[in-house]
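Read off the chains here:
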Amino acid sequence: MSTIEQFRHETRAWLEANCPLSMRTAMAEGEVVWGASQPQFPSEDARLWFERMRDKRWFCPEWPEEYGGAGLSEEQLAVLESEMRRLKCRPPQINLGIWMLGPVLLAFGSEEQKRTLLPPMARGEVRWCQGFSEPNAGSDLASLKMAARDAGDHFVVDGSKIWTSYGDKSDWMYALVRTNPTVPKHEGISLIVLDMRSPGVKAVPIDLISGKSAFCQVFFDAVKVPKHQLIGPLDGGWNLGKYLLQHERKAMSKFGEISLPSHFHLLSLLREYLPRPQSQGEQALHARAVACSMNEHAYGLTVQRMTEEARFGDDVSGLMSIMKLVHTEQERDKFEVLLDAMGGHAFGWQSEAFSAQQQAITRAWLNSYALTISGGASEIQLNVIAKRVLGLPDAKKGVTP
Ligand SMILES: Cc1cc2nc3c(=O)[nH]c(=O)nc-3n(C[C@H](O)[C@H](O)[C@H](O)COP(=O)(O)OP(=O)(O)OC[C@H]3O[C@@H](n4cnc5c(N)ncnc54)[C@H](O)[C@@H]3O)c2cc1C
């Protein structure tokens, strides 16, 4: 047996012995476990699964061992992921630190930052939030204004961040801040990390149409951030931010694997609301649903192909924008079809007049729009694809005929 086949054999046996049966089912709403200083577990099995995967160092299996990972090769990682998919294992925890900041620290952090920030992240002990967007800087992120003023051994941070998911529940934030207002906007930005319990930080939740939301506006009033919490070069944060967003898009392109409970399976649900499509309209709706399911399947196969290509060393980073765009738009189209089929059953998301499943679908439909915006809106992904993947010129600098 080859070494990799041996690894597959051992991984399968370990997962079968250690992943509780209830952790091999689709996650219902509210069952996500967040890595945090005080993690909440919806069940004892969720706790067990978290602790076993943590002790196996499989929260971030491909990270080097000295920073808390298991040092798996790309090939081993692909095996682990495919074995977890085969058993339908739930992710043991979700952690923006591991998904997004970790890769940035591994590539650009100092040795001290890697040794202090990565191991607690890898053990799921810190909940991170992302402080990028501001009231007047979303798609045009480089216009951000939150200032970090040099005050000797620390920065003094003033301003506000908006749409910060779970800002009120997070332990630490990674944030893009303006450290130099006198140079062109992309050149005066830095990446810092800060403790959300620092004096002067206030996270205020924001309510949305779909009810309580994860969003917060976070206010910073003369917050002291030690200089050693600057990641990468001073004023050099823009490139780090872009690198981080690539990893955010990569994580988002995988959302379908982890976030959709199986009762959102389109064709089975359609059978409930449209058992025998008869009229032309119903048949057209059915055809749309079949097209969505085929697209979903094709997307899954493309992700598998990309994983294989990455395993053989091909650079797939530029494709993350394509995957994020396609996946989030497909999800939105899927819920559109479902809502059309549900008709009046889809009118409520907070009312007892509707079943829990109907409310969950309507909320998921509302959320599917949010996902086409977070991590960079679809139009922005199209711009990135045009420039970075297709190599087209900037609209402003375009050649006039
Ligand atoms: C679910 C969710 C979670 C989020 N979590 C976080 C978080 O944790 N931390 C954080 O910092 N931010 C977060 N965000 C914010 C997100 O990054 C921004 O909403 C996003 O970048 C868009 O910015 P905006 O809302 O200011 O919209 P705007 O930038 O004002 O855009 C409005 C519309 O104009 C379009 N548009 C803008 N510029 C262009 C252009 N050049 N070409 C074509 N079209 C354009 C956009 O595509 C969009 O349709 C989250 C957003 C969502 C929906």
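These remarks concern the structure in this document.

How each quantity is defined
Residues numbered from 1 in each chain as written. Predicted model: local features only at pLDDT ≥ 70, side-chain atom pairs only at ≥ 80, totals over all residues. Heavy atoms only, no water. Helix = DSSP H or I, 4+ residues; strand = E, 2+ residues; numbered from the N terminus. Contact = heavy atoms within 4.5 Å. Lys, Arg positive; Asp, Glu negative; His and termini not counted. Charge placed at Lys NZ, Arg CZ, Asp CG, Glu CD. Buried < 20%, exposed > 50% of the residue type's maximum accessible area, 1.4 Å probe, protein only. Phe/Tyr/Trp six-rings, centres within 6.5 Å; stacked < 30°, edge-to-face > 60°. Lys NZ or Arg CZ within 6 Å of the ring centre and 35° of its normal. Expected span 1.5 Å × (residues − 1). Core = buried A, V, L, I, M, F, W, Y, C linked by side-chain atoms within 4.5 Å. Domains from an automatic or database assignment.

Another aspect to go through is the overall build of the protein. Scanning the protein from terminus to terminus reveals 12 helices and 8 strands. Expressed as a percentage of contacts within the protein between residues at least 6 apart in sequence, the contacts between residues at least 24 apart total 71%. The centroid of the 44 positive side-chain charges in the protein is displaced by 1 Å from the centroid of its 48 negative side-chain charges.

What follows covers the environment of Tyr369. Structurally, Tyr369 is set in helix H11 (residues 356–371). Residue classification places Tyr369 among the partly exposed positions, given a relative accessible area of 34%. Aside from chain neighbours lying at most four places away, what touches Tyr369 is Arg332 and Glu336.

This next bit is on the packing of aromatic side chains. All told, the structure shown has 10 aromatic pairs when counted by the stated rule. On the numbers, 4.8 Å between centres and 50° between planes, the contact of Trp34 with Tyr166 is tilted. Pair noted here: Trp34 is in the loop between helix H1 (3–18) and helix H2 (44–55) and Tyr166 is in the loop between strand S3 (154–161) and strand S4 (172–178), with a separation of 132 residues, a long-range link. Ring geometry for Trp128 versus Tyr174: centroids 6.4 Å apart, planes at 35°, classification tilted. Of this pair, Trp128 sits in strand S1 (residues 128–131) while Tyr174 sits in strand S4, placing them 46 residues apart in sequence. Pair check on accessibility: Trp128 and Tyr174 agree, each one buried. By way of ring pairs, the aromatic residues Trp128, Phe132, Trp172 and Tyr174 are connected into one cluster. We note Arg332 situated over the ring of Tyr369; from NZ or CZ to the ring centre the distance is 5.9 Å.

Quick look at helix H10 (residues 320–342) now. Between the first and last C-alpha of H10 there are 33 Å, a value that for 23 residues agrees with the 33 Å anticipated at 1.5 Å per step. Most of H10 is tucked away: 17 of the 23 residues are buried. Of the residues flanking the end of H10, it is Gly343, one or two places downstream, whose phi is positive at about 55°.

One finds Leu15, Trp49, Trp58, Trp128 and Tyr174 to be the most contacted residues of the largest nonpolar core, which totals 51 residues. Of all the secondary structure elements, the ones that give two or more residues to this core are H1, H2, helix H3 (74–87), helix H4 (96–108), helix H5 (111–122), S4, strand S5 (189–195) and helix H6 (237–252). At 6 residues, H4 tops the list of elements feeding residues into this core. Here this core spans two domains, and each of domain 1 (3–94) and domain 2 (128–236) adds at least three residues to it. Leave out the neighbours within four places in its chain, and Trp49 touches Trp14, Leu15, Asn18, Cys19, Pro20, Met23, Met84, Cys89, Arg90, Pro91 and Pro92. Counting residues in hydrophobic clusters, the runner-up holds 18 residues, among them Cys129, Ala148, Val201 and Val225.

Any link to function would need more than the numbers given here.
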